[in-house]
Amino acid sequence: MLFEQIPVGGDRNLAYIIADEKSKEAAIVDPSFSPEKVLARANELKLKIKFLINTHSHFDHINGNECILTNSKATLAHAKPAENALLLQDGSELKLGELVLKIIATPGHTQDSICILVENKLITGDTLFIGDVGLTRSIENARLEFASLKKILLLKDATEIYPAHDYGSVPFATLAHEKLHNSCIIDVLKNDFQSFLRDK
Ligand SMILES: [Fe+2]
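This report concerns the structure included in the present document.

## Here's the deal with the sheet that holds strand E7 (residues 93–96)
Taken in spatial order, the six strands of this open sheet run E7-E8-E9-E10-E13-E14, and their pairing is mixed. Two strands in the sheet have a free side with no partner beyond their single neighbour: E7 and strand E14 (173–174).

See below:
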């Protein structure tokens, strides 16, 4: 697998390129503020861009879509019903050659937030950051996010967390690291929603 994390400006936004090395089929995730940079890298690697995936529909994640869609044959894929887009749901799978991307629905930060699991790497969008979790605007959404994070905690400790913003002390870390150092994740582990609300 080829997997690259690319800083794309904005609010320390991070985009991703995932590709199957044999078939060269690739997906781009949240190119946001620098789609040209992400596209140039994909072209440099001679990749065939099959999917453009958004982790959720906030402006600072979808604002680079148009550039990718007009300059490649990518199909847009996300969890918000839309014309000409592939609707992703919990359990959806996208194939890049032999590589399988598994979609985990993680509502909370937004209703259409998803995480993307590929091998031991989890792209978490704005659901989980290194050392923090995504903003929620109501108790109901915080509860949804709490439940979504519980789902993420079922993954292996060695799973590497790749967020959509570089807000942490490092740009990515293992789930084991977050279980030790992310106070919100520690609250989820303890099933302590009130502390979770305080620590967010
Ligand atoms: Fe967001």
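Alright, that's what it looks like, and here's the rest.
## Thoughts on the nonpolar core
One finds Ile18, Ala26, Ala27, Ile28, Leu101 and Ile116 to be the most contacted residues of the largest nonpolar core, which totals 53 residues. For this core, the element with the most residues is strand E2 (residues 14–19), which contributes six residues. In this view, Ile116 contacts Val29, Ile53, Leu101, Ile103 and Ile123; residues no more than four positions away in its chain are not counted.

## A closer look at unusual backbone geometry
Even without a glycine there, the phi angle at Lys46 is positive, about 60°. Relative to the elements of secondary structure, Lys46 occurs in the loop between helix H1 (35–44) and strand E4 (48–53). Judged by C-beta crowding, with 9 C-beta atoms within 10 Å, Lys46 ranks as exposed. Unlike most non-glycine residues, Asn84 shows phi in positive territory, near 60°. Counting through the fold element by element, Asn84 comes out in the loop between strand E5 (75–78) and strand E6 (85–87). By the C-beta count within 10 Å, which is 7 here, Asn84 ends up exposed.

## Overview of the sheet that holds strand E3 (residues 25–29)
One open sheet holds the six strands; their spatial order is E1-E2-E3-E4-E5-E6, and the pairing between them is mixed. Both outer strands of the open sheet, strand E1 (2–7) and E6, are each paired with one neighbouring strand and no more. Taken pair by pair, the neighbouring strands of this sheet meet at an average axis angle of 25°, ignoring direction. As defined by bridge partners, E2 adjoins E3 across four bridges and the pair is classed as antiparallel. In the strand pairing of E3, Ile18 is matched with Ala27.

What counts as what
Residues numbered from 1 in each chain as written. Predicted model: local features only at pLDDT ≥ 70, side-chain atom pairs only at ≥ 80, totals over all residues. Pairing = 2+ DSSP bridges. Helix = DSSP H or I, 4+ residues; strand = E, 2+ residues; numbered from the N terminus. Core = buried A, V, L, I, M, F, W, Y, C linked by C-beta atoms within 7 Å. Buried ≥ 20, exposed ≤ 12 C-beta atoms within 10 Å, placed from the backbone. Contact = placed C-beta atoms within 7 Å. Axes fitted to C-alpha atoms, helices over the stretch in contact; angles between N-to-C directions.

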